[in-house]
Amino acid sequence: MEGTNPVNKKLAAALSGGAVLVLALSGCSSDDNSDKLNSWAKEVCDAVQPQAKKIEAANAAIQKETSDNSTPEDVQKTDAQAFQDMSDAYKAIGAAVTKAGAPDVENGETKQKNAVKELNGISASYASLQQKVEKLDTKDQAKFADGLKGIATELDKLSTSGSDALKTLEEGDVGKAMSEQESCKSASASASATTS
């Protein structure tokens, strides 16, 4: 059953780009911030950490499936579950950013709304990829490989287009406040481990 492997490797490569979005949820420099902003950052980072782990685990599951000599059925099952987990994780991050409210910065509300919209959009995209994987014909190796190719292409687009509003949310003081949170540091470390 070697036929699915090259395609599934492409899928894994495209997928690992998805973890970069979680990386976007951690800042990079440190500075003094208002207590209000720090508590906002802590709330978001604490919520992001378990979701980052979930996304990392989903990535790892697909990577593992590519290294094994897996049957199309195994690949389909693993990928569908991974996409569902990722969809759930991005939705949960969106909910956490909603719950935390607007960060205490200029245009905070607009930035927050745009980021939530983006996170929910990413969640919906993974949900639709899950449905597509589940509909693939595992009985026909060639058709299955073609179907996976299409999914890998969509994943590529998703992983490159998804993080603009998140980056905007984390510019300046918000990023600084997040970078000081232990939970964001560890989320960022685990996400970069998967993407490297």
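These numbers come from a predicted model, not from an experiment. (Residues numbered from 1 in each chain as written. Predicted model: local features only at pLDDT ≥ 70, side-chain atom pairs only at ≥ 80, totals over all residues. Heavy atoms only, no water.)

1. A look at the overall build of the protein chain
Helix and strand content of the protein chain: nine helices and zero strands. Along its sequence from the N terminus, the protein chain presents helices and strands in the succession α-α-α-α-α-α-α-α-α. For the protein chain, the residues scored as buried account for 48% of the 196 residues in total. Contacts spanning at least 24 positions in sequence make up 87% of the contacts within the protein chain whose residues lie at least 6 apart. (Helix = DSSP H or I, 4+ residues; strand = E, 2+ residues; numbered from the N terminus. Buried < 20%, exposed > 50% of the residue type's maximum accessible area, 1.4 Å probe, protein only. Contact = heavy atoms within 4.5 Å.)

2. Some points on the pattern of salt bridges
Evaluated as defined, the whole model comprises six salt bridges. When the shortest N-O distance is used, the salt bridge between K42 and D46 registers 2.6 Å. Separated by four residues within a single helix, K42 and D46 lie in helix α3 (residues 35-67), roughly one turn from each other. Looking at K42, the relative accessible area reads 42%, which means it is partly exposed. With relative accessibility at 34%, the residue D46 sits in the partly exposed group. Ionic pairing is found between E43 and K99, a salt bridge with its closest N-O pair at 3.7 Å. Residue E43 is found in helix α3, and its partner K99 is found in helix α4 (residues 72-100); the two are separated by 56 residues along the sequence. According to the relative accessible area criterion, E43 is partly exposed, its value standing at 32%. You can call K99 exposed: its relative accessible area is 66%. (Salt bridge = Lys/Arg side-chain N within 4 Å of Asp/Glu carboxyl O.)

3. Points about the environment of K135
Relative to the assigned elements, K135 resides in helix α5 (residues 108-135). It is 9.2 Å that separates the C-alpha atoms of K135 and G147, two residues lying twelve residues apart in sequence.

4. Some points on the nonpolar core
The biggest cluster of nonpolar side chains holds 38 residues, and the ones touching the most others in it are W40, F83, Y126 and M178. Sorting the residues of this core by element identifies α3, α4, α5, α6 (141-161), α7 (164-169) and α8 (173-179) as the ones contributing at least two each. Sort the elements by how many residues they give to this core and α4 lands first, with ten residues. (Core = buried A, V, L, I, M, F, W, Y, C linked by side-chain atoms within 4.5 Å.)

5. Structural notes on the packing of aromatic side chains
How two aromatic rings sit relative to each other is set out by the distance from centre to centre and by the angle between their planes. Taken as a whole, this structure holds two aromatic pairs when the rule is applied. Where Y90 meets Y126, the ring centres are 5.7 Å apart and the plane angle is 5 degrees; that geometry is what we call stacked. Of this pair, Y90 sits in helix α4 while Y126 sits in helix α5; the two residues are 36 residues apart in sequence, bridging distant segments of the chain. Residue Y126 is classed as buried on the basis of its relative accessible area, which comes to 1%. Among the aromatic side chains, those forming a connected cluster through ring pairs are F83, Y90 and Y126. (Phe/Tyr/Trp six-rings, centres within 6.5 Å; stacked < 30°, edge-to-face > 60°.)

6. Some remarks on the confidence of the model for the protein chain
Chain-level statistics for the protein chain give a pLDDT mean of 79 and a share of 74% at 70 or above. Across residues 26-31 the pLDDT falls below 50, and counting only partners more than four positions away or on other chains, this stretch makes 15 contacts in the model. (pLDDT = per-residue confidence, 0-100.)

7. Remarks on unusual backbone geometry
Of note in this structure, N107 is not a glycine but carries a positive phi near 55 degrees. Looking at the secondary structure, you find N107 in the loop between α4 and α5.

8. Describing the side chain of S179
The residue S179 is located in helix α8 in this model. A residue is classified by how much of its surface remains accessible, and S179, at 11% relative accessible area, is buried. One polar contact links the side chain of S179 to the main-chain carbonyl oxygen of K176, over a distance of 2.7 Å. (Polar contact = N/O pair within 3.5 Å; in protein donor to acceptor, adjacent residues only side chain to side chain.)

9. Comments concerning the packing of α4 against α5
Any two packed helices are characterised by the angle at which their axes cross and by the distance between the axes. In contact at an axis separation of 8 Å, α4 and α5 are set at 165 degrees when each is read in the N-to-C sense. Taken together, α4 and α5 sit at an angle that is classed as roughly antiparallel. Handedness of the crossing formed by α4 with α5: left-handed. (Axes fitted to C-alpha atoms, helices over the stretch in contact; angles between N-to-C directions. Parallel < 35°, antiparallel > 145°, perpendicular 65-115°, else oblique. Left-handed = near helix turned anticlockwise from the far one by under 90°.)

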